[in-house]
Amino acid sequence: MISYEGDKCPVCHAILFDDDDIVVCPECGTPYHRDCYRLAGKCVNSDKHGTNWRYVSESEKHATDRTAEDEYQQRTTGTGKKCPNCGAISSSGTIFCPYCGYQFGSAYNPGQGPMNGSYEYMARVIDPMGGVDPRTDIDGVPASALMPFVAVNTQRYIPKFADMSRRKKKVSWNWASFFLRGYWLLYRKCYKEGIVALVISLISILLNIPMNNVTNSLIDTLPHGSTYGDLFAAIGDNLSLYTPGVIICAVLGIVLSLGLMIIMGIFGDYIYKKHCVNAVKESTSDKDSQSQHEFIAKKGGVNLFLPIIAYGAFYFANFIISIIII
């Protein structure tokens, strides 16, 4: 049996170990992590299928494996590049850490002159995993399986999910969910939670209608060219119009709106993590490869159009209800 110890997975670039869940392309023999092969959907060397080319493992290239002591010396000593993720020492010219898959960035050195002798630019490579080992367990699923469900801004969410799972915490902070609330949830395909958040937002706005109606009636009594000072003076002279019911409704509306924003800012990442993890677990249960890809396309990624549609529907509903109340 061929050992793939020391070979790299061509999808996540992490080193393969014998105790990993490894699958091999039946056409050319290229080894992968099972989740990585499922993510790629096909062999990266499919263009060579049908030829005499076949994958040659590291164990075949070398007659004997390095001893455990040699492995330890290579990983922990030397003058190469130290991985900030796992601490291993690798060649100074490498882009990916061969032990955990961490991506250092471009291997191009500006001091070496133009790339390929013609282009003077720095090739910046962005690690879609944000430095997280693709095999990292996040609430029972590997980080590599979560990446296609997040799809957009994975370098922010995958490390965030990994940290929350490792520390078993639910709180963090997300500015996008703080400001956009239900629209952000719909964008991230958390549809049920997004509808609930929009309903709460609509209720908070409707609670302010009585206060707005009283204020607008005072504005209508002011002559043309009046200033804010005139408006404040008119409000002060007509405080009796602001009944306890009007004030209570306005306060409740403000508390509800601010409360929703704070809750979304604190728990937005947790809600989204739970959505992605549940979707991954559902996709891997009793589904073949084709069904999994269709499920990822349906549940994963983002929805650009629904938040826009929801925005228009939200303010149209607010307008209609305001007219009915008035």
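The rules behind the values
- Residues numbered from 1 in each chain as written.
- Predicted model: local features only at pLDDT ≥ 70, side-chain atom pairs only at ≥ 80, totals over all residues.
- Heavy atoms only, no water.
- Helix = DSSP H or I, 4+ residues; strand = E, 2+ residues; numbered from the N terminus.
- Buried < 20%, exposed > 50% of the residue type's maximum accessible area, 1.4 Å probe, protein only.
- Contact = heavy atoms within 4.5 Å.
- Areas by Shrake-Rupley, 256 points an atom, 1.4 Å probe, with all protein chains shown as cover.
- Salt bridge = Lys/Arg side-chain N within 4 Å of Asp/Glu carboxyl O.
- Axes fitted to C-alpha atoms, helices over the stretch in contact; angles between N-to-C directions.
- Parallel < 35°, antiparallel > 145°, perpendicular 65-115°, else oblique.
- Left-handed = near helix turned anticlockwise from the far one by under 90°.
- Nonpolar A, V, L, I, M, F, W, Y, C, P; charged D, E, K, R; others polar.
- Core = buried A, V, L, I, M, F, W, Y, C linked by side-chain atoms within 4.5 Å.

### Considering the overall build of the protein chain
Looking only at helices and strands, the protein chain has 13 helices and 6 strands in total. Here the protein chain holds 326 residues, and 35% of them are scored as buried. For the protein chain, long-range pairs separated by at least 24 residues make up 55% of all intrachain contacts whose partners lie at least 6 apart in sequence. For the protein chain, the exposed area adds up to about 19200 Å²; of that, 60% sits on carbon and sulfur atoms.

### Side note on the pattern of salt bridges
In the structure shown here, the tally under the stated rule is 9 salt bridges. Of the charged contacts, one joins Arg 135 and Asp 20 as a salt bridge, the two residues approaching to 3.4 Å between their closest N and O atoms. A residue pair is termed long-range when its members are at least 10 positions apart, and Arg 135 in the loop between β4 (89–90) and β5 (137–138) and Asp 20 in the segment before β1 (22–24) qualify at 115 residues. By relative accessible area, which is 29% here, Arg 135 ends up partly exposed. Notably, a salt bridge pairs Arg 135 with Asp 133, separated by 3.1 Å at the nearest N-O pair. The exposure class of Asp 133 is buried, given its relative accessible area of 16%. Salt bridges linked by common partners bring Asp 163, Arg 166, Arg 167 and Lys 169 together as one network.

### Considerations on helix α4 (residues 143–150)
Each α-helix turn comprises 3.6 residues. Residues three or four places apart therefore point the same way. Counting buried residues along α4, 7 of its 8 residues qualify, which places the element largely inside the surrounding structure. Two residues or fewer past α4, Ala 151 is found with a positive phi of approximately 65°.

### Observations regarding the packing of α4 against helix α5 (residues 154–167)
At a minimum axis separation of 10 Å, α4 and α5 run at an interaxial angle of 140°. Here α5 runs oblique to α4, going by the angle between their axes. Judged by the twist between their axes, the crossing of α4 over α5 is right-handed. Facing α4, whose interface residues are Ala 143, Leu 146, Met 147 and Val 150, α5 presents Thr 154, Tyr 157, Ile 158 and Phe 161. Partitioned by chemical class, the residues of the contact of α4 with α5 number 7 nonpolar, 1 polar and no charged.

### Comments concerning the nonpolar core
General note: in soluble globular proteins, nonpolar side chains tend to be found buried as a group. Leu 146, Val 150, Ile 158, Phe 161 and Tyr 272 are the most contacted members of the largest nonpolar core, which totals 26 residues. Looking at this core, the element that brings in the most residues is helix α11 (residues 244–283), giving 7 residues. Other than its neighbours up to four places away in sequence, Val 150 contacts Tyr 157, Ile 158, Phe 161, Arg 188, Tyr 272, Cys 276 and Gly 301. If you look at the next biggest cluster of nonpolar residues, it comprises 12 residues, including Ala 14, Cys 28, Tyr 32 and Cys 43.

### Brief notes about unusual backbone geometry
At His 13, a position not held by glycine, the phi torsion is positive, near 70°. With respect to the helices, strands and loops of the structure, His 13 is situated in the segment before β1. The backbone of Lys 168 shows a phi angle near 55°, a positive value even though the residue is not glycine. Within the fold, Lys 168 resides in the loop between α5 and α6 (175–180). In this structure Lys 168 comes out as exposed when scored by relative accessible area, which is 75%.

### Quick look at the packing of α4 against α11
One way to put it is that α4 packs onto α11 with a least axis distance of 9 Å and a crossing angle of 110°. Considered as vectors, α4 and α11 are oriented roughly perpendicular to each other. Residues Ala 145, Leu 146, Phe 149 and Val 150 of α4 form the contact with α11, whose own contacting residues are Tyr 272, Cys 276, Val 277, Ala 279, Val 280 and Ser 283. In terms of residue class, the contact of α4 with α11 is built from 9 nonpolar, 1 polar and no charged.

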